[in-house]
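Below, each chain spelled out in residue letters.
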Amino acid sequence: MLCFRWIGCPLFAAVAWSSLGGAPIAAQTAWKAGVAKVKITPEKPMWLAGYSSRTKPAEGAMHDLWVKALALEAADGSRGVVVSADLLGFPKALYEGIIERAGKDHGVQRRQVMLTSSHTHSGPALSGALMDCYPLDDQQKALIEEYSRQLVEKVAGAIGQALAQMAPATLWRGQGSTDFGVNRRNNGEAEVVKLREQGLQPKGPSDHDVPVLVVRSPEGPLRAVVFGYACHSTTLSGYEWSGDYSGFTQIALEKEYPGSVAMFYSGCGADQNPLPRRTVELCQKYGKMLGDAVQEVVGKPLEPIDSKLQTAFEFADVGMEGIATPKSLEEQSKDSEIYARRARRLGALLEQGEKFPTSYPVPVQVWRLGGQQLWIALGGEVVVDYSLAFKAKYGAQTWVAGYSNDCMSYIPSERIWKEGRYESNAFFVYGVPADRWAPDIEQKLTAAVDRLVKGLQ
Ligand SMILES: [Zn+2]
């Protein structure tokens, strides 16, 4: 009965196919896929990313951190490589370095590479990201630069390895659900605990979907499972390396499906937290909830994805307000140590004659698999309104990844931009030389997605 789990085995595939009235099996088996997994756990005691409150570097690992790559090739030779990473997100300079290396060494273009991340707050600080948040000495700054240079090589290497290991495969899709992600703007942690005790749901909006992509060898065994969830990876805030809840999920799935690679990407969860939080037990619990949701999907008949891959990309030029000046920096430097560090850094740049830009190129990427599965990937910390709007517009099965390619700041919707508070204007955390985005950010990004989707026709 082992075959029961392997929906892709010939007997079960026929059942899945006939019950769904999908495309012929031959179309699915025309895929090729390759996977790679590279360890990125820092070997030296480096600063952890994501919180300004930490006072010392990491003190060991709860589990290892990974970069994983899945390369896909459709029947007509079209290729794409999706990368997952136990990182807060890729800063712009690292993203550009990876794209350059992957292009030069492995012949893939920008639109064909989707760099996602889990947004774990227990991964390493990276060069050019949130540097004003941390009280770093020169030794830590040097370690971060060294690690970041090596990371570019490791990610480009993982992309190359995945492409080199391409072999016949079948692709399948499904969707599950789990509800530990809570809208953090509308619910306090204590309130959430009370509501849960009463069997009630916290206030929304939230997106509890768990999109699942399954890659199998033609004989049946699972080779890769790619899944997402729209919730901050902030259960833990300590001093050990970990992938937070999704780190536990990935470990459990790779144990459950021996020989496979489990890859997690964060969805539009910038305004969602795993609540309650801050204990290892809760982190493991959320990891199990997500893993159970994925396994339930994998264990049911899945929908086959035809062998067709379209990839598109553009930078959406989004305006910014409150561009930093010597006067504004001087005033803000009194607010907090983060603002003071930012003021010193940006002030020095202004003195060197640097002119700060008035807009920023936000990466927008759209893939379509098999003619039916839309996969949208936006840069930055994207709030949940985006995934809900894209699903309303393009269909409930649309996959939406945030934190993709370049994580430069929060990405508020028009609603949140108007409401204000942290997710609307947290530019200072990222060290951006402006106060916030222009009010038309949602219009600009959704128009870019629309253009790319139409271009796939
Ligand atoms: Zn965040």
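Model, not experiment: these values are computed from the prediction. (Residues numbered from 1 in each chain as written. Predicted model: local features only at pLDDT ≥ 70, side-chain atom pairs only at ≥ 80, totals over all residues.)

J.: For this particular structure, what's the right way to read the overall build of the chain?
T.: Each helix and strand in the chain was counted, giving 14 helices and 18 strands. Its C-alpha atoms give the chain a radius of gyration of 21 Å, near enough to 23 Å, the size a compact globule of 457 residues would have. Judged by the C-alpha coordinates and their principal axes, the chain covers about 70 × 55 × 45 Å. The buried share of the chain, reckoned over its 457 residues, is 51%. Long-range pairs, those at least 24 residues apart, make up 81% of the contacts in the chain between residues at least 6 apart in sequence. (Helix = DSSP H or I, 4+ residues; strand = E, 2+ residues; numbered from the N terminus. Rg over C-alpha atoms; globule rule 2.2 N^0.38 Å. Buried ≥ 20, exposed ≤ 12 C-beta atoms within 10 Å, placed from the backbone. Contact = placed C-beta atoms within 7 Å.)

J.: Any chance you could explain the confidence of the model for the chain here in plain terms?
T.: Reading fine detail from the predicted coordinates is not recommended where pLDDT is low. Per-residue confidence for the chain gives a mean pLDDT of 93, with 93% of residues at or over 70. Counting contacts from residues 1-24, a segment whose pLDDT is below 50, to residues more than four positions away or on other chains yields 34 contacts. (pLDDT = per-residue confidence, 0-100.)

J.: How do you make sense of the nonpolar core when you look at a structure like this?
T.: Across soluble globular proteins, you tend to see nonpolar side chains buried next to one another. Judged by nonpolar contacts, the single largest core of 134 residues is most densely connected at Leu-70, Val-81, Val-83, Ile-159 and Val-225. Among the elements that take part in this core, helix α4 (residues 138-164) stands out by supplying eleven residues, more than any other. For Val-225, the residues in contact, after removing those within four places along its chain, are Val-212, Val-214, Leu-253, Tyr-257, Ser-260, Ala-262, Val-294 and Val-298. (Core = buried A, V, L, I, M, F, W, Y, C linked by C-beta atoms within 7 Å.)

J.: Before we go on, may I ask you to explain the sheet that holds strand β13 (residues 359-369) in this structure?
T.: Pairing between the strands of a sheet comes from backbone hydrogen bonds, and it takes one of two forms, parallel or antiparallel. Strand order across the open sheet formed by five strands is β16-β14-β13-β12-β18, with mixed pairing between neighbours. The sheet is open, and its two borders are formed by β16 (399-401) and β18 (436-437), each paired with just one other strand. One ladder, built from six bridges, connects β13 with strand β14 (residues 373-378); its direction is antiparallel. Following the sheet pairing, Arg-368 is matched in β14 by Leu-374. Where helix α14 (residues 441-455) meets the sheet, its contacts fall on β12 (309-321), β13, β14 and β18, and the angle it forms with β12 comes to roughly 160°. (Pairing = 2+ DSSP bridges. Axes fitted to C-alpha atoms, helices over the stretch in contact; angles between N-to-C directions.)

J.: Even after reading the chapter, I still don't get the packing of helix α6 (residues 244-256) against helix α7 (residues 280-298), so can you show me in this structure?
T.: In helix packing, the relevant descriptors are the interaxial angle and the interaxial distance, both defined with respect to the helix axes. Running from N to C, α6 and α7 cross one another at 45°; their axes reach a closest spacing of 7 Å. Relative to α7, α6 is oriented oblique. As for the relative orientation of α6 and α7, their crossing is right-handed in sense. In this structure, α6 uses Asp-244, Tyr-245, Ser-246, Phe-248, Thr-249, Ala-252, Leu-253 and Glu-256 to contact α7, whose residues at the interface are Cys-283, Gln-284, Tyr-286, Gly-287, Lys-288, Leu-290, Gly-291, Val-294 and Gln-295. Per-class residue counts for the contact of α6 with α7 are eight nonpolar, six polar and three charged. (Parallel < 35°, antiparallel > 145°, perpendicular 65-115°, else oblique. Left-handed = near helix turned anticlockwise from the far one by under 90°. Nonpolar A, V, L, I, M, F, W, Y, C, P; charged D, E, K, R; others polar.)

J.: Help me understand unusual backbone geometry in this model?
T.: Glycine aside, negative phi is the norm for most residues, and most peptide bonds take the trans geometry. Note that the residue after Gly-204, namely Pro-205, is joined by a cis bond; omega there is 0°. A cis geometry characterises the amide bond from Leu-275 onward to Pro-276, with omega recorded as -5°. Among the secondary structure elements, Pro-276 is positioned in the loop between β10 (272-274) and α7. Here the phi dihedral of Leu-130 falls at roughly 55°; this positive angle occurs in a residue that is not glycine. Of note, Leu-130 is situated in the loop between β4 (113-115) and α4.

J.: Sorry if this is basic, but what is going on with the pairing of β13 here?
T.: Remark: a regular strand shows side chains that alternate across the two faces of the sheet. For β13, the tally of buried residues reaches eight of eleven residues, placing the bulk of the element in the interior. As paired elements, β12 and β13 share eleven bridges and run antiparallel to each other. Counterpart to Gln-310 in the pairing with β13 is Arg-368.

J.: Would you mind showing me how to read helix α3 (residues 92-106) here?
T.: Note on helix geometry: an α-helix contains 3.6 residues per turn, so any two residues three or four positions apart are oriented the same way. Counted at 1.5 Å a residue, the expected span for α3 with its 15 residues is 21 Å, and the 20 Å between its end C-alpha atoms agrees. Those residues of α3 that fall on the buried side of the exposure criterion are Leu-94, Tyr-95, Gly-97, Ile-98, Ile-99, Ala-102 and His-106. Looking one or two residues beyond α3, the residue adopting positive phi is Gly-107, at roughly 70°. (Expected span 1.5 Å × (residues − 1).)

J.: For this particular structure, what's the right way to read the pairing of strand β1 (residues 31-39)?
T.: Sheet topology places β1 next to strand β5 (residues 167-177); three bridges connect them, and they run antiparallel. The residue of β5 that forms the bridge with Lys-32 is Pro-168. Of the pairings in the sheet, the one linking β1 to strand β2 (residues 66-73) comprises eight bridges and is antiparallel in character. Counterpart to Gly-34 in the pairing with β2 is Ala-71.

J.: Before we go on, may I ask you to explain the environment of Ile-251 in this structure?
T.: Along the chain, Ile-251 falls in helix α6. As a C-alpha pair, Ile-251 and Ala-262 span eleven residues in sequence and 7.7 Å in three-dimensional space.

J.: What am I meant to see in the packing of α3 against α4 here?
T.: With their axes 9 Å apart at the nearest point, α3 and α4 run at an angle of 40° to one another. Considering the angle they form, α3 stands oblique to α4. The handedness of the crossing between α3 and α4 is right-handed. Packed against α3, whose contacting residues are Leu-94, Gly-97, Ile-98, Arg-101, Ala-102, Asp-105 and His-106, the element α4 presents Ser-148, Leu-151, Val-152, Val-155, Ala-156, Ile-159, Gly-160 and Leu-163 at the interface. Here the contact of α3 with α4 is built from residues that sort into nine nonpolar, four polar and two charged.

J.: Explain the environment of Asp-76 to me, please; I cannot follow it from the model alone.
T.: Within the secondary structure, Asp-76 sits in the loop between β2 and β3 (79-85). Separated by 221 residues in sequence, Asp-76 and Val-297 place their C-alpha atoms 29 Å apart.

J.: Would you mind showing me how to read the environment of Gly-353 here?
T.: On the secondary structure map, Gly-353 appears in the loop between α9 (337-351) and β13. In this structure the C-alpha to C-alpha distance between Gly-353 and Tyr-386, which are 33 residues apart in sequence, comes to 37 Å.

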